[in-house]
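Fold and geometry: a report
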Amino acid sequence: MVRILIPIILLQLSVVSCAFAEPIILLMVDGVRPDYINHLVKAGDLPNIKRYFYDEGSVFQNSFTSLSLTVPSWSTIMTGRDIDRTAIKGNDVFDRHSKKIENYLDWRRDILFSDFRNHGRAYRQLKKAGHQTMIDYFDRPTARDDEGFVVDSYGSDSSVYASFFPINDQFPLYLFGTAADNLLQLDAAKQTTAQNALIRLLYEEEDFLALDRDNVEQVLKVINERNAPMKKLILLYFPSVDHYSHRDHNKGIRALKLVDSEIGRVLRAINRGRYRHAVVSLVSDHGSQGGQEFNDAESRHPFKGFRY
């Protein structure tokens, strides 16, 4: 049976890897408040998280975030460094040398306007500051790009598989491989520009990102693969809850329920296959269950009537 943990901050996953011989699978759900999880689990709205983590695993209730912003929080989780020690103290960081503000959260700019090797600006910033991330402790190919940075390979020759998230050092080509399927989800009449259509390939209006769906499908392929060497570290990232929660409470809740369903698919695949002894951890970077609160019958906001 898979072993389940829910830490909100992991200082160094390499420490965990020394304690357990089994693979480590990290489920990274962006923008989930612990009190929301507790409330929705008790209400029966998150059956998979309840079963696999609350009933059969361990829950860390004394949880907190270093900073309620995506990129600096994931930087802390990935490096084990306090927020004042990382090179990223916000989603937008002022560079004293270039006199420009760098936005590390808007990875769409990398997709639309940069070469693949230029993706992963947050990762590069951490490396320039001399920090190691948890993926750096695992075996990977040592190819370097023009600037001398190690370029990850998440193929069969790597002991790591990481789906797309802000602190990757390579843009995953599988997102383009699933573009045809994502196009079927779009309403062409709503697309005003080619750039808008391309972004909508990843950001849908269905309360669940195509990016989440693509990430899950790729990780399931890795978990269900029977012939390739097993991975020692698998990272699966879910951005949709944070994305929709910033806009509308109800959209955020629906996205979280869909993520719960996908987590159930992943855990069932783990328990059926050769990763059944893996250590699985569900972790979030910060909470952002605010959005616009509508006092309608659907709202299950535990703090009904308040705005954030």
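Residues numbered from 1 in each chain as written. Predicted model: local features only at pLDDT ≥ 70, side-chain atom pairs only at ≥ 80, totals over all residues. Heavy atoms only, no water.

With that settled, consider the packing of aromatic side chains. The final tally for this structure, using the stated rule, is two aromatic pairs. The interplanar angle of 80° and the centroid separation of 6.0 Å between the aromatic rings of tryptophan 74 and tyrosine 237 together place this pair among those described as edge-to-face. Residue tryptophan 74 is located in helix α4 (residues 70–79), and its partner tyrosine 237 is located in strand β6 (residues 233–238); the two are separated by 163 residues in the primary sequence. Relative accessible area serves as the criterion here: at 0%, tryptophan 74 is assigned to the buried category. Joined through ring pairs, the aromatic side chains of Trp74, Phe165 and Tyr237 make up one cluster. (Phe/Tyr/Trp six-rings, centres within 6.5 Å; stacked < 30°, edge-to-face > 60°. Helix = DSSP H or I, 4+ residues; strand = E, 2+ residues; numbered from the N terminus. Buried < 20%, exposed > 50% of the residue type's maximum accessible area, 1.4 Å probe, protein only.)

Remark: a regular strand shows side chains that alternate across the two faces of the sheet. Sheet topology note: the strand β3 (residues 92–95)/strand β4 (residues 100–103) ladder contains four bridges and is antiparallel. The residue bridging valine 93 from the neighbouring strand is glutamate 102, located in β4. In sequence, β3 turns back onto β4 through a hairpin of four residues, with lysine 99 there showing a positive phi of about 60°. (Pairing = 2+ DSSP bridges.)

This brings us to the packing of helix α3 (residues 47–55) against helix α12 (residues 249–272). In the contact formed by α3 and α12, the axes pass within 8 Å of each other and the chain directions differ by 45°. Judged by the inter-axis angle, α3 sits oblique to α12. Where α3 approaches α12, its residues Pro47, Asn48, Ile49, Tyr52 and Phe53 are matched on the opposing element by Asp260, Ser261, Ile263, Gly264, Leu267, Arg268 and Asn271. In terms of residue class, the contact of α3 with α12 is made up of six nonpolar, four polar and two charged. (Axes fitted to C-alpha atoms, helices over the stretch in contact; angles between N-to-C directions. Parallel < 35°, antiparallel > 145°, perpendicular 65-115°, else oblique. Contact = heavy atoms within 4.5 Å. Nonpolar A, V, L, I, M, F, W, Y, C, P; charged D, E, K, R; others polar.)

Now for the environment of serine 158. Here serine 158 lies in the loop between α6 (121–128) and β5 (160–162). Relative accessible area serves as the criterion here: at 5%, serine 158 is assigned to the buried category. At 3.0 Å, the side chain of serine 158 forms a polar contact with the backbone nitrogen of valine 160. (Polar contact = N/O pair within 3.5 Å; in protein donor to acceptor, adjacent residues only side chain to side chain.)

Relative to the assigned elements, lysine 231 resides in the loop between α10 (210–224) and β6. Judged by relative accessible area, which is 6%, lysine 231 ranks as buried. Among the polar contacts made by the side chain of lysine 231, one reaches the main-chain carbonyl oxygen of serine 158 at a distance of 2.7 Å. If we skip the residues at most four places from it in the chain, lysine 231 touches Pro23, Tyr154, Gly155, Ser156, Ser158, Ser159, Val160, Tyr161, Val222 and Tyr275.

Summed over all chains, the structure comprises eight salt bridges. When the shortest N-O distance is used, the salt bridge between aspartate 35 and arginine 33 registers 2.5 Å. If you follow the salt bridges from partner to partner, you end up with Glu217, Glu262 and Arg265 in one network. (Salt bridge = Lys/Arg side-chain N within 4 Å of Asp/Glu carboxyl O.)

Moving on, we come to the nonpolar core. Within the largest apolar cluster, 69 residues are counted, with the highest numbers of intra-cluster contacts made by Leu27, Met28, Ile135, Leu235 and Ile263. Top element by residues in this core is α12. It accounts for nine residues. Setting aside chain neighbours within four positions, we find methionine 28 in contact with Trp74, Met78, Phe165, Leu235, Leu236, Tyr237, Phe238 and Val283. (Core = buried A, V, L, I, M, F, W, Y, C linked by side-chain atoms within 4.5 Å.)

This part takes up helix α2 (residues 34–42). When α2 is considered as a whole, its buried residues turn out to be Tyr36, Ile37, Asn38, Leu40 and Val41. Residues of α2 that are buried make contact with α3 and α12. Glycine 44 lies just past α2 and shows a positive phi near 80°.

A separate point is the confidence of the model for the protein. On average, residues of the protein carry a pLDDT of 77, and 69% of them reach 70 or more. Low pLDDT, under 50, characterises residues 1–17; the stretch is placed with 64 contacts to residues that sit more than four places away or in other chains. (pLDDT = per-residue confidence, 0-100.)

Extensive coverage of β6 is indicated by the burial of six of its six residues. Neither face of β6 is left uncovered, since the one carrying Leu233, Leu235 and Tyr237 and the one carrying Ile234, Leu236 and Phe238 both have all their residues buried. In the sheet, strand β2 (residues 24–29) pairs with β6 via six bridges, with the strands oriented parallel. Across the sheet, isoleucine 24 pairs through a bridge with leucine 233, a residue of β6. Relative to β6, β5 runs parallel, the two sharing three bridges. Looking at β6, one finds that alanine 162 is bridged to leucine 235.

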